[in-house]
Structure formats: C-alpha cells, structure tokens
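# Breakdown of the fold
This is what each chain is made of:
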Amino acid sequence: TMLDPKTFHRNKLAPNIIIENILVDGKEVTREHFASPPGKGEVVIRYAATSLVQPLRVRFQYKLEGFDREWSQATSTREVTYTNLPPGQYAFRVRGSNNDGLWNLDGAAFAFQIQHRFYQAWWFMAFCALGVAVAIWGGFQLRVRRLRGVKENLDRIVEEQTGLLQEANRKLVQLSREDGLTGVANRRHFDACLDHEFKRSGRSGLPLSLLMVDIDYFKILNDTLGHPKGDECLARLAAILKTIARRESDLVARYGGEEFALILPGLEGPQAIALAEDILAAVRTACIPNPYSPLGEFLTVSVGVVTVWGGQAESARSIVLFADAALYRAKR
C-alpha cells in the first residue's frame with residue numbers, strides 16, 4: 001500500500017453547530033418557547049455538528065450561562081442534562097471543532113426561562129423573611145415582656161421580703177430594748193443608756209440625774225387583787241412616767257419588778273426633785289386602787305433622786321446604788 005502525503009489536505013471548514021432538540025421535565029419544547037412552566041427544573045439538550053469528515057473526531061464544549069462558571073472540557077458527547085435547575089433566566093451555548101481541531105467559536109445558543117412556583121417568587125421569599133423577622137421580633141418582645149414581668153415580680157417579692165425583714169429587725173430591736181408589759185425601756189437598754197450618758201457627762205461636765213421609782217406595798221396588791229391587776233398597775237404607772245419625762249433625751253425604763261428608773265441627762269438636782277414631786281402628784285391624781293395598802297386605799301410610790309456632775313461618780317453602777325439608797329430612805 002502506498003500513500004502520497006501530497007494527497008492529504010487539512011480540513012479548513014469549521015463545523016456548523018446545531019441544537020437538535022430540548023426537553024424540559026421530559027417534554028420537548030421548541031426554540032420559540034422561551035419559558036417553561038414550573039417543574040422539577042430538569043433540562044436535556046441535544047446538539048450536533050454538520051462535519052462529515054471523520055465525525056467521531058468532532059469535539060464539543062458547552063456552557064449554561066446563569067449556572068456554569070466555565071466551559072466544559074472538550075468531549076464528543078452530543079447531549080447534556082441539567083437537573084434541579086432553580087427558576088431563572090438561562091442561556092445555553094455550545095461550540096465545536098472538526099477533525100483537525102478547527103473550532104467554531106460562535107457555535108449555537110438557546111435562551112430559556114424556568115418559571116418559578118409561587119413559593120419560589122422573590123415577593124414570597126421577602127414575605128416569608130418579613131414574617132420570620134416579625135416572629136423573631138414578636139418573640140423577642142414577648143421574651144422581654146416576660147423577663148420584665150419576672151423582674152417586676154422578683155422586685156416586688158424582694159421589696160416585700162425586705163419590708164418583712166426590716167419589720168422583723170425593728171421588732172427584734174424593740175424586743176431587745178423594750179419591756180413587753182409596760183412598753184418602756186427594759187433593763188438591758190437602761191444599762192446601756194446610763195453607761196452612755198455617764199460617759200458623756202464625764203466629757204461635757206454637765207449634770208446627770210437618775211430617779212428610781214418603786215411602788216409601795218406592791219406585793220400586797222398582787223396577793224390580794226391578783227397578778228392581772230398588778231400588771232395593770234405597772235402599765236398605768238409606766239404611762240404616767242412617760243408623760244412626765246417628755247424630753248427626747250429622757251429615758252423611762254422598767255428596772256425590775258415594780259421598780260422603774262428615769263435617766264434625765266442635763267437635769268440639775270432641784271429640777272430632778274421637782275420632777276419627782278410631779279410623779280408623786282400624778283400618781284395621787286390617778287387614784288390607782290390598792291385597798292389593802294397600809295398607806296390608804298390608793299397606790300403610792302416612793303422616789304429616790306440622785307444628781308451627779310461629770311467625774312463625781314466612779315461608774316454608772318455607782319449612780320444606781322446612790323439612787324437606790326435614796327429610794328429606800330424615801331420609803332422609810
């Protein structure tokens with residue numbers, strides 16, 4: 001067999017590229033039908049080249065604008081399938097080369113549109129996004145409102161509990177300082193107050209007076225009229241003493257049993273004695289019954305008075321001893 005190289009000629013004719021048919025979701029459409037109804041988005045495109053010289057060596061490249069970024073690799077395949085294409089505008093382009101690699105770069109093109117369903121429309125997406133935003137905003141506002149309600153409830157509970165705690169503390173302080181029967185200061189508060197006033201008198205040099213008041217024959221009253229009557233007499237006497245000692249600095253206290261004490265800061269001896277006389281007069285005016293007393297049918301009291309100036313007494317306890325001694329002299 002003999003071959004003459006001169007008889008070989010290069011194929012200088014670029015192939016004509018044609019699109020044979022298009023199937024959208026299994027249905028063939030014509031090139032005049034640029035829009036397809038909503039569906040699965042499956043597109044099958046068949047194409048060919050009119051090169052009859054060694055047609056098996058014809059190569060194709062294709063690109064779907066709107067979907068593909070680059071041209072496909074050269075291949076002899078004459079069909080391409082796209083599945084699940086989203087709704088939108090597309091342009092399919094295909095180009096080819098003959099057996100000698102001469103390309104028809106213009107190729108063939110076909111533009112088509114895949115229509116969207118209503119839930120794929122931009123306005124539906126925008127409406128859904130708006131609905132989601134409104135739902136999130138509403139949920140956030142509801143959450144904020146619930147948290148605000150919880151906070152207000154907690155604040156109310158804290159305020160109530162704080163009030164109860166303050167009231168409990170006030171009552172506790174009151175119980176620690178006040179005599180439960182008479183409503184005046186108790187012995188503990190009396191000792192603390194007298195010690196404080198004694199030290200202040202020592203610093204300032206001002207007088208400090210102390211009155212010890214004792215009910216006469218109180219045991220007879222308790223034994224004959226009973227303890228309830230005795231308690232009533234103690235409460236009435238405490239009320240009288242509180243009306244006599246009116247200054248803010250004065251303190252009326254139940255010293256023990258039927259004995260009361262009045263701390264009178266800044267009060268000199270004559271003034272303290274006059275106050276003691278006022279107590280006696282007020283008790284006589286009150287006419288509190290004590291029918292079995294050797295002194296008469298009404299309650300009487302005895303008062304011991306002591307006044308010291310800053311530095312005269314050794315301690316607050318010594319002032320109490322002085323006043324107590326004066327009280328028993330008054331009783332005699």
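Our subject in this report is the structure included herewith. The model shown is predicted, which means the values in this text are computed figures rather than measured ones.

Let's shift gears to the sheet that holds strand β6 (residues 79-82). Spatial ordering of the open sheet is given by β2-β1-β4-β6, a layout of 4 strands whose pairing is antiparallel. With partners counted over all chains shown, the strands left at the sheet margins are β2 (27-29) and β6, one partner each. Strand-to-strand, the axes of this sheet are offset by a mean angle of 25°, without reference to chain direction. Judged from the 3 bridges that link them, strand β1 (residues 17-24) and β2 form a sheet pairing that is antiparallel. For leucine 23, the partnering residue across the bridge sits in β2 and is glutamate 28.

The 4 strands are arranged β10-β11-β9-β14 in an open sheet whose pairing can be described as antiparallel. A single partner strand is all that each edge strand has here, and the edge strands are β10 (251-256) and β14 (301-308). On average, each strand axis in the sheet is tilted by 20° relative to the strand beside it, whichever way the strands run. Examined bridge by bridge, strand β9 (residues 208-215) and β14 share 8 bridges and lie antiparallel to one another. Bridge pairing in β14 links aspartate 214 to serine 302. Of the strands in this sheet, β9, β10, β11 (259-265) and β14 touch helix α6 (residues 316-331), which is tilted by about 140° from β14.

Criteria and cut-off values
- Residues numbered from 1 in each chain as written.
- Predicted model: local features only at pLDDT ≥ 70, side-chain atom pairs only at ≥ 80, totals over all residues.
- Heavy atoms only, no water.
- Pairing = 2+ DSSP bridges.
- Helix = DSSP H or I, 4+ residues; strand = E, 2+ residues; numbered from the N terminus.
- Axes fitted to C-alpha atoms, helices over the stretch in contact; angles between N-to-C directions.
- Contact = heavy atoms within 4.5 Å.

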